[in-house]
Each structure stands twice: as C-alpha cells, then as structure tokens.
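Structural features, examined
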Amino acid sequence: MERCAARRAPEEERRVRANAREYNEKFQYASNCIKTSKYNIVTFLPVNLFEQFQEVANTYFLFLLILQLIPQISSLSWFTTIVPLVLVLTITAVKDATDDYFRHKSDNQVNNRQSQVLIGGGLRQEQWMNVRVGDIIKLENNQFVAADLLLLSSSEPHGLCYIETSELDGETNMKVRQAIPVTSELGDTGKLAGFDGEVICEPPNNKLDKFGGTLYWKENKYPLSNQNMLLRGCVLRNTEWCFGLVVFAGPDTKLMQNSGRTKFKRTSIDRLMNTLVLWIFGFLVCMGVILAIGNAIWEHEVGVCFQIYLPWDEGVHSAFFSGFLSFWSYIIILNTVVPISLYVSMGSVTLTPSVEVIRLGHSYFINWDKKMYCAKRRTPAEARTTTLNEELGQVEYIFSDKTGTLTQNIMVFSKCSVNGHSYGDVQDVLGAQAELGERPEPVDFSFNPLADPRFRFWDPSLLEAVKLGDPHVHEFFRLLALCHTVMSEERSQGELLYKAQSPDEGALVAAARNFGFVFRSRTPSTITVQELGRAVTYQLLAILDFNNLRKRMSVIVRSPEGRIRLYCKGADTILLERLHPLSADLSTVTTDHLNEYAGEGLRTLVLAYKDLEDGYYEDWAERLRRAGSVPEARDDRLARLYDEVEHDMMLLGATAIEDKLQQGVPETIAILTLANIKIWVLTGDKQETAVNIGYSCKMLTDDMTEVFVVTGHTVLEVREELRKAREKMMDASHSTANGFSYQEKLSSSKLTSVLEAIAGEYALVINGHSLAHALEADMEVEFLETACACKAVICCRVTPLQKAQVVELVKKYKKAVTLAIGDGANDVSMIKTAHIGVGISGQEGIQAVLASDYSFSQFKFLQRLLLVHGRWSYLRMCKFLCYFFYKNFAFTMVHFWFGFFCGFSAQTVYDQYFITLYNIVYTSLPVLAMGVFDQDVPEQRSMEYPKLYEPGQLNLLFNKREFFICIAQGIYTSVLMFFIPYGVFADATRDDGAQLADYQSFAVTVATSLVIVVSVQIGLDTGFWTAINHFFIWGSLAAYFAILFAMHSDGLFHMFPNQFRFVGNAQNTLAQPTVWLTIALTTVVCIVPVVAFRFLKLDLKPELSDTVRYTQLVRKKQKAQHRCMRRVGRAGSRRSGYAFSHQEGFGELIMSGKNMRLSSLALSAGWIETLRKKKGSDASSPDKAPKV
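Since the structure is predicted, the reported quantities are computational estimates derived from the model, not experimental observations.

In terms of regular secondary structure, the chain is built from 42 helices and 35 strands. Per-residue burial for the chain yields a buried fraction of 53% across its 1188 residues. Residue pairs at least 24 apart in sequence account for 73% of intrachain contacts in the chain once pairs closer than 6 positions are excluded.

In structure tokens, the structure reads:
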C-alpha cells in the first residue's frame, strides 16, 4: 500500500480542530485519497523492471546476457538467453500490470464516491478523495463511512446510530455507537457550522477495538472512546442520518492501517531449494574451473602449435588469459544446470513458472472440489494462497480451536442452576428423570405471546417456578434480560429480532425472553424489559464490557423504585472468587452443578449481583469519569475501577449452554490420528467442558493408559506435575519394553526424546494458568517433551496469545509442519503463526477466514484437504522437481564431456536453437501435465489408507538424498548420451560410403536421443495417465521433429541464409539407419537400468502406495472373475454356502507369497516405521503396527 500524501514523521498524538482546514493543514495529515496501486502509465516500465531486476534470478539472466554480448567469451548467440529473459519479464510484467489495473480500478471507485461535507455553513457534495481531516460530513442510511469519524449527532434519540462492521471484522450483526451528550444536540448544519471543538487523541494505529482521546470544547473536556467512533468501511444502518468529525483520513484510517502485507509463508521444499541452488551453483563454478584449466593447459601444450589456422582471438595473448575467458564461456554454456531458467522470483529463492502453474492448478482443484462444498451454507472450500499446497501433504501437528471449529457454535440454552436448584433434566410424566430416548413434549410457552417458537426446553419445573413467583428465578432471568449488549429490532408487532455479538449471549437473552422476561429495546441510558407482561424501564448507568482478560461483563442499572444494582455474568474461575462470604454455601452447591454440566460438555457461566448505595455509586462514577478523561494508562485505570466494584457479589446461579459437535468430527480425528498427525485442542472453555468434548470427538478414549491433568498455580507445582507425568510414562515403558535411557537435559536447538517411542497411549490436559508457567523459557522444553509424548493434548482456558505461543513452541523445537484451524477472531494469531492457517467460515464472522491460507465451512473437510489434496500436491511437486533436475543435468552435462574432445574451446554440442527451445517447448509441457494431474492412488484409497500420508511427513519423496539420485541419473544419462553416439560416429559411414561423423549430424543425433530419452522417462514417472498427458508428451516429440525439419528446410534458408545454413542436414542424418540404431541403443541403455531397478524395488521392497495399487488390481480382477462366475448357472442343491461366500483368487495369491509382503507393509511396522525410528527426534512414533 502506498499513500497519496508524502511520508511524514511518526505522530505522537493527533490534534484535530473542527471546521478549521487551515489549522489542520499545518500538521500535514494525509488526505482521504487512498492508493493501493504501485504504478502509472509513465512509471510502470522503469519501476517494474527495477523491481524485477532486484531478484536474483533476473539479475543472473542479465549477467549471462552481458557475458554473451562479449565476442571473446560467448559461443552462443545472445537470443539463447534473451528469449527466456524476455519471456520471464513479460509474464511477470503482464501479471503485475493486470493486478495493478484492478487496484487502480478499485481505488478510483472508492476515491470517487460522493460524500456530503459541511463547508461554509452548507452541505456540499465532495468526492471521498477531497475530504480532509477536521471536516464535518453527513452520512445517510446504508452509506459507507468515508473516514474514521467522531460521531457528533444523529437522527436517533440520544445521539445513537447503528452500524454494520462486516468490512472490518466480518461480523454482520449490527453494533451501536453513541455521540457524547454535549454534541448529540448539534443536529442541524447551523449549529454544526459553529462547532469549533478540538480533539486530541492517539496517533494512527491498527487497533480496531480501541480508541482513546479527549474533546476540548467551551473550556471543558470530554473523554472519547471507541463507542464514539465510526470507522471507515462500516455501513450506517437503521439510522436516517448522522454527522461526524473526520479524525483519521485515507491511509491513516484503521481499515487501511490493517491492510498491511501479510507475512510471507514458504514451504519446506522452498527452503530446501535455497540450499540446493547454492550447491548447484557451486557445482557449476567447479565445472567451469575444471574446463578453464583444461583450456589453459591445452592452449599451452597443443593450441600454440596451431596458431597459423587457429589463432587466438584479438586481445588474447596467453594460454592463462584464454583459460580465464573460457571459464566465463562455460558458465554461459552450462548455466542451464542451475534451475534458474524460466524462473519467476518468489522471495529469496525462485521457482519456475511451471511451479506457479502447478500450484495454481492445485489451488483450483481445492476450490472446485464438490466434496468440500457445504450446500447448507453455500460455501465452497477456498485456497486463499497458492504457495503452500505441497506443505498440506507434510503436516504433523494440528492445533484446533473447539467452539465453532469442532462444534457447531449454534448455542442452545440447555440447563441452569438457580439458588442451588438444577433445572433442565428431561423428565417423564411422573416427574422422574427420563431415560435416553424417552424425551417427552417440550415446555409449552403459549402463555407468552412474545416467546420465540424455535426455543425448546424440556424441564417444566423451571417455568412453574417463574409462574409461582420464585424471587430467585425472577432475578435470574432479569439478569439475563439486562446484562448484555444485544440489539433488538421489532419488525412487526410482537416479532422481535435479536442481534448479538456472540451466539452465547443471544441464547441467554432468548431464554429469558421465553420464560417471560423479554428484552424489548434499549437507549444509551435505558433498557426496557417486559417482565411477565409488564413493561419495566431500567436506567442504564454503566456497562462494564467483556474482554479476554476480564472474562466477565457487568451492567449497573437503577430500577423504577430507585434501587441501584450491579448484574454480572462471567467465567466461574473469575466470578466464584469475587463472591460475598454469605454465598459460600450456595457456591459449593452451584460448583457441583457446574462440574456436572461441564462433564456433559456444556458451556457454563456464573451469574451474580450486588446492590450499590447511592453515595458509593456517585463517588465511583465520578472516579470512573475522571479515569476515562485521562489518555495516559486509561485502560489500566478503568480496569482497576471495574475490579473494585465487582467484588462481594451475591451468587444467583449458573447457566449451561449446549454446543453440539459438527458432523464427522470424531471420524475425521480418528483418520488423521492414523495418519500420524497429532491434534492439539486449544480452547478458552473450562477444563471439564473441553475434556468432555475430547471424549465426544474420540480424541480421548477409555482405552488410553492415562490422561494427565496439569492444574498447578505456581512454577514449582507445574514443573512437578509435568515431571510426574514423564515418570509414569517412563515407568510404564520400562515395564513393557525393558526400559529406555532418559536424559533430563535436552538440546535447545532440537528436541530429542525417547518418550516419543514409549508404549501406551497418553493424553495431557493443561489449564491456562498452568500453561502460562509451562511456556516460560526454563520450562517450555519440559512441557513440550511431555506433550509430544502424548497422543492428544488439550489446553483449556487459554488466551489468544497463548494459542500462538504454543504453536510457536512446536515450530521452534520440533521442526515439524504445523497447521492451525479456527473460526473466530481469537484464533487469528494462532492461524498466522502456524505454517498453514485454516479458517472455518462459521458463526463468529470471517476474521479467521480473512487471516487464513485455506478456508471451508466444516472441520471434516480437513481430512480431505490433507489426505487427498495435500498428499497429491506434495507427490506431484516432488516428482516435478526430481524430473526437472534430471532432465537439466542430462541436457547440460553433455557439454561438459564434449569439452574434453573439442580442445576446451567452449563449443556447444547442440544447435543454439535447440538450447533455446529445450526448456521452453520440448520438455516443459509433459512435466507440467505430470505436476498438475499425477496420482499414485485414487482419492478413495488416500482416505482409506491414512498411512499413505506419512512419506510427506518424513520428506521421503524429495530430500537431499533424492536430489543426488536425480543428479546421478542425469549425469549417467549424459555420459551415455554423449559417448555412445561419439563411439558409433567414430567409424560409421553413410549408405553411400561417406564418413558419417560431422558436427551437425552428431548434434542432431544427440539432441534427438535426449528428447526421446527424457520423454520416455517422464512416461515412466507418470503414474496417472490422462488425455492431456498423452497429448503433451507425444505432442512435444512431434513438435521437436517438426521444428527440427523446419530449421533445416529450404524455406528458412532462403529467408534467413545466415542463420539456417545447414539445409537438409536433419533429413539426411535421420535417413541413416545407423543413426536410428544409435538413438535406439542410447535410449535402451539409458532407460532399461531405470526400469529394472524399479521392478526390483517393487518386488523386493515395495512402498505402501505400491501395495495399495496392487491390492486394487487384485480386487478388480476378483470382481471380474466373480461376475463371470455368476453368469454360469449350476443345478443341484446348496448344502453348503462356502463356495458362495468366498471369492476365487486368494488361494493362488497366498501360495504365491505376494500377499505376505502386503501384510508386512499394511499391518506391521514396515519401512516407514523403520525410517521413523532412524530419524529420532525429527519424526518418531510409537513402536506399534501402522494402521491402514
């Protein structure tokens, strides 16, 4: 993002005076013009080229091009480099130009919106870009807010207005904002034109939920908060008009401050490529040095004798200088060994456009997957990035939120405890608790005309208590009807629509509504509740709002009788310690109920109240007003005052809300666990609720050896509990596996723990206050070691920051790929910290989705995202890279061998046009098709055999070892590619008896052999053939021969006689049987060892995917045989069903012994487990049979 205004020094505070443009302009505040585009018509070409040449790949290209322009160095024409360079620059420039065009279009659309600005005492239509800080603007219903405004007045009573903030935080429910009383009466332009108040506030920042400032007007000062602000991007709703003072404009608005660049995430393959490219470049330099030394020696010993007809180039006066020039010549010729040809930059290491096309294709496959489409919400899966697809195939740790991610986040009021009595158990007609499946009719709320017909409750005794006038029950529902921030909208008589900021709050207000305490409406200073048919208006004195630190909210109201009372609801861990001693006995009973509710997986809140004396309240309110008017440490001052008044409260009871599991969650977790993926749940819920959900979703099972619970409140307690957990695991391991050696001290750079190889299944549950100690620097390794030894980990009562810290801890020590999944704003930090962030588009807005790399609507789709799309993406990318390195080394190393036979003169083997087109035309499309479409097993088998996912976790398919194997195969191919034709051509003759060995014929033979060999090789590498694969492979071969014959044709010679002078060479060469025999021999010798090795490996040491494919083929064969058997009728009695209950073919399979290898791989610790043990801390798993 760029600003329309010039850069300014950072602000310490902002001073804005209303209706005073000249005064405000001296501070040089940014205008309201936004500019997210980077270029214009004049600057596009120079700026874009400058940016592109800052990248290593393009600079490397440019360096080669400069070298090729030096006649003494280059033996290749300049176009062999400039064609790829121009192609790269053009592709990137077109992409950048297209992106910037749409940014320009969006900027113009926004900047040219119209707004009514108060200028010279009247309203004038101005474009948004012309609005300035200090202007007063008028907004009308359904208009976007043009800038960050201080609300001055509105058409609603008390200066209220309603806004929708979906552009900011994704939440579609309405929120209320209020003007301060002193300006709320400034409702006409005449009064507003005379308004000259000055705002002193915080400088521009990106905190959407905070604002601190003070309004100075008429020698008085008034505190300002976020409740007085309308932020750019919001939409005015249900409000006829309002006026606001522009405080922040354009790039200084909070919306634009939050539009900074997201931290770039790179895959492990990208990071490995960093190292490999440096190694290859070093290899290139070594080859150049060897050939340069060879040139100097040859020129000194041999070349000096041939100066008459092989003179040195002008300026070359010694063999040493000739070798120096030869070094740069070979750097040019051998540059294709470095995988920078056709590169488009992406970070410090670059990847080919083919890689980007492959990744884009994989992203579209995710977007188009109908099996990840939620018809109920009409939400498809979305890949919001194209750079992390293969990383989806390497995930080892999943960090999941609970509410809205594992559960539906659709809250239902289920049970409650009032004055020590528990309500909500389903009862039969006799009043006894009903058995499962005997649910009677729900409670009849027909007495209440305002009841929500969708509400269901099954215990009639609670309604009876309301009707009998139980004062505690009445006060319970009165609290629920008053203590909230819900907005009410009455569409027609008796039809109420509640808009709540959280589903919990909406469920509680709806419950109070059905039991006769109906929240009807609110103003800034009043709340109207219809209590059992009687309208009662309470004076709202203060709202002590909820936040993640307080974990509670309170309201202070004055009843019509004049009594001042504080109502509070919040987490039990917070409220129970703030109760009056008189509530001790009731607290004990209520705590039992809370534990019971939490054991059923219900979300609980505690309700309490406190009566305040008028004198105390007046004094407290005055101190609150003074604290709010001081900008310095305002939040801390307010927090202390809130804490003061929220003490010695009287307990009313507790609520229990049900949040059901999403469909398919237990099955998904079970399958991901079989894929050796560890799942950690990080939730803000209390321990009992989280543990119950853990059992519901099968993370925790009764078959587990032990579930460790860490609840210590001090560092020593937490350390001791973690130590005891480790000792128990070690003791159990000793008793079953004859013991392990254990080291207490671990390396800080890499966690190595024998605990991860223990027998038995364990789980760890840790509370937020304990986690705070466990994450300290001197204990984090002990915590991580204990947690990683467990099959499941549940962290309860955690803050958003702690979620991110847990993810960062695993990233730091385990060196494993992490994935975080959540649905709410409190999950954003965790999603951004993990290698891969997944957002659930659920009930809590779309903030998690906006911060994520991938998004969908249900947790169960994660299984398909990882096991199908992720695994395939990893497989395809690895096969692409292996083949890419192979074909480039096979192509380039031929020049190296030829150097020893051409006097190290930097002469190329191939025609220069072949060098240019090899990577662009002849070999690009087949590998692209393989990288986009290839599969080893069908998607059903990927889901059926989760163990197929493990090679990605262990980096088996592309690592340094596989890289060297590909390089070795490429070098082996290049040796045969050069020496077989060279040996044949030494003594071969044409059909007419003439010598066959000439340079052009040799070049055509080697080039043709190379194209055929690499085409056959990619055919062998392709595991899933489509029409596109066939077309690209055979089409590329056809294109090679078509271009080859065209370049040696009469037509091109007559058009460009200086460029295509070898007329008919290709036709004459390829007309010789000797040449075709040479090509065939070269192809066979290059390919047969590869085929033989793969067959032996398949037979002697098959991989799990080979076993799965073999099983699939056997099943198909047996189904076909079974169909044939069913066609044959047979008369006679069926005395036994044996022949009809078994299928033919397994006897032969057993006798062959092939099924033994199948069993050893599918059902016992096989090659993956062996390798996992060798890797130690990098990837270790329990010593037990893999499940497939």
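Attention now goes to the nonpolar core. In this structure, Tyr910, Phe914 and Leu1010 are the most contacted members of the largest nonpolar core, which totals 89 residues. Of the residues forming this core, the biggest block, 18 residues, is contributed by helix α27 (residues 861–899). Residues contacting Leu1010, with those up to four places away along its chain left out, are Ala890, Phe891, Tyr910, Phe914, Tyr918 and Met977. One finds Val466, Phe476, Ala511 and Tyr609 within the second-largest nonpolar core, a separate group that totals 49 residues.

Read from one edge of the open sheet, 4 strands run β2-β10-β11-β12, paired in antiparallel fashion. Each edge of the open sheet carries a strand with a single partner, namely β2 (14–17) and β12 (220–224). Shown here is a sheet whose adjacent strand axes are inclined to one another by a mean of 20°, direction ignored. Strand direction decides the pairing type here: strand β10 (residues 198–201) and strand β11 (residues 213–217), joined by 4 bridges, are antiparallel. Bridged to Ile200 within β11 is Thr214.

Here the focus is helix α34 (residues 1027–1047). Taking 1.5 Å as the rise per residue, α34 with 21 residues should run 30 Å; its terminal C-alpha atoms sit 29 Å apart, in good agreement. The secondary structure elements touched by the buried residues of α34 are α28 (912–922), α29 (924–933), α33 (999–1021), α35 (1050–1055), α36 (1065–1070) and α37 (1073–1100).

Let's shift gears to the sheet that holds strand β8 (residues 160–164). Reading across the sheet, the 3 strands line up as β9-β8-β14 and stay open at both edges, with antiparallel pairing between neighbours. One side of each edge strand has no neighbouring strand; the edge strands of this open sheet are β9 (174–178) and β14 (235–237). Strand-to-strand twist across the sheet, computed as the mean angle between neighbouring axes with direction ignored, equals 45°. Examined bridge by bridge, β8 and β14 share 3 bridges and lie antiparallel to one another. Bridging across to β14, Ile163 finds its partner in Leu236.

Right, let's get into the pairing of strand β17 (residues 395–400). With respect to burial, β17 is a largely interior element, 6 of its 6 residues being buried. Of the strand pairs in this sheet, β17 and strand β33 (residues 817–822) are connected by 5 bridges, and their pairing is parallel. Considered in β33, the bridge of Ser400 is made with Ile821. The sheet contact formed by β17 and strand β29 (residues 678–682) spans 4 bridges and is parallel.

Here β10 shows no split at all, with Glu198 and Ile200 on one side and Val199 and Cys201 on the other all buried. Across 4 bridges, the pairing between β2 and β10 is antiparallel. Across the sheet, the residue bridging to Arg14 is Cys201, located in β10.

Moving on to the environment of Trp368. Relative to the assigned elements, Trp368 resides in helix α11 (residues 353–368). Remark: the alpha-carbon pair of Trp368 and Ala381, spanning 13 residues in sequence, is separated by 7.7 Å.

This part takes up the packing of helix α9 (residues 268–301) against helix α10 (residues 319–333). Running from amino to carboxyl end, α9 crosses α10 at an angle of 145°, the nearest separation of the two axes being 7 Å. When you trace α9 past α10, the crossing you get is right-handed. Along its contact with α9, which presents Leu284, Val285, Gly288, Val289, Leu291, Ala292, Asn295, Ala296, Glu299 and His300, the element α10 presents Ala319, Phe320, Ser322, Gly323, Ser326, Phe327, Tyr330 and Ile331. Broken down by class, the residue content of the contact of α9 with α10 amounts to 11 nonpolar, 6 polar and 1 charged.

In this section: the packing of aromatic side chains. As enumerated under the stated definition, the model contains 61 aromatic pairs in all. Taken together, a centroid distance of 5.2 Å and an interplanar angle of 25° make the contact between Tyr364 and Trp368 stacked. Taken together, the residues span about one helical turn, with Tyr364 and Trp368 both in helix α11 at a distance of 4 residues. Of the residues examined, Tyr364 reaches a relative accessible area of 38% and is grouped as partly exposed. Residue class for Trp368 comes out exposed when judged on its relative accessible area of 59%. Relative to Phe515, the ring of Phe477 lies with its centre 4.8 Å away and its plane at 20°, an arrangement referred to as stacked.

What follows concerns the pattern of salt bridges. Throughout the structure, instances matching the rule amount to 54 salt bridges. Between Lys371 and Glu939 there is a salt bridge, with its nearest N and O atoms 2.9 Å apart. Of this pair, Lys371 sits in the loop between α11 and β16 (382–383) while Glu939 sits in helix α30 (residues 939–944), and the two are 568 residues apart along the sequence. Overall, Lys371 belongs to the exposed group, its relative accessible area being 51%.

Let us now look at the side chain of Arg552. Residue position: Arg552 is located in strand β25 (residues 552–558). Arg552 gets classed as buried once you look at its relative accessible area, which sits at 5%. Polar contacts involving the side chain of Arg552 include one to the side chain of Glu646, which spans 2.6 Å. If near-sequence neighbours (up to four positions away) are discounted, Arg552 is found in contact with Leu544, Asp545, Phe546, Asn547, Cys568, Lys569, Gly570, Ile574, Leu575, Arg578, Asp643 and Glu646.

Turning our eyes to something else, we now look at the packing of helix α13 (residues 471–482) against helix α14 (residues 503–514). Close contact between α13 and α14 brings their axes to 8 Å; oriented N to C, the two are set at 130°. Classified by the interaxial angle, the pair formed by α13 and α14 is oblique. Here the hand of the crossing between α13 and α14 comes out left-handed. Contact residues: Phe477, Leu480 and Ala481 in α13; Leu508, Val509, Ala511 and Ala512 in α14.

Calculation rules
Residues numbered from 1 in each chain as written. Predicted model: local features only at pLDDT ≥ 70, side-chain atom pairs only at ≥ 80, totals over all residues. Heavy atoms only, no water. Helix = DSSP H or I, 4+ residues; strand = E, 2+ residues; numbered from the N terminus. Buried < 20%, exposed > 50% of the residue type's maximum accessible area, 1.4 Å probe, protein only. Contact = heavy atoms within 4.5 Å. Core = buried A, V, L, I, M, F, W, Y, C linked by side-chain atoms within 4.5 Å. Pairing = 2+ DSSP bridges. Axes fitted to C-alpha atoms, helices over the stretch in contact; angles between N-to-C directions. Expected span 1.5 Å × (residues − 1). Left-handed = near helix turned anticlockwise from the far one by under 90°. Nonpolar A, V, L, I, M, F, W, Y, C, P; charged D, E, K, R; others polar. Phe/Tyr/Trp six-rings, centres within 6.5 Å; stacked < 30°, edge-to-face > 60°. Salt bridge = Lys/Arg side-chain N within 4 Å of Asp/Glu carboxyl O. Polar contact = N/O pair within 3.5 Å; in protein donor to acceptor, adjacent residues only side chain to side chain. Parallel < 35°, antiparallel > 145°, perpendicular 65-115°, else oblique.

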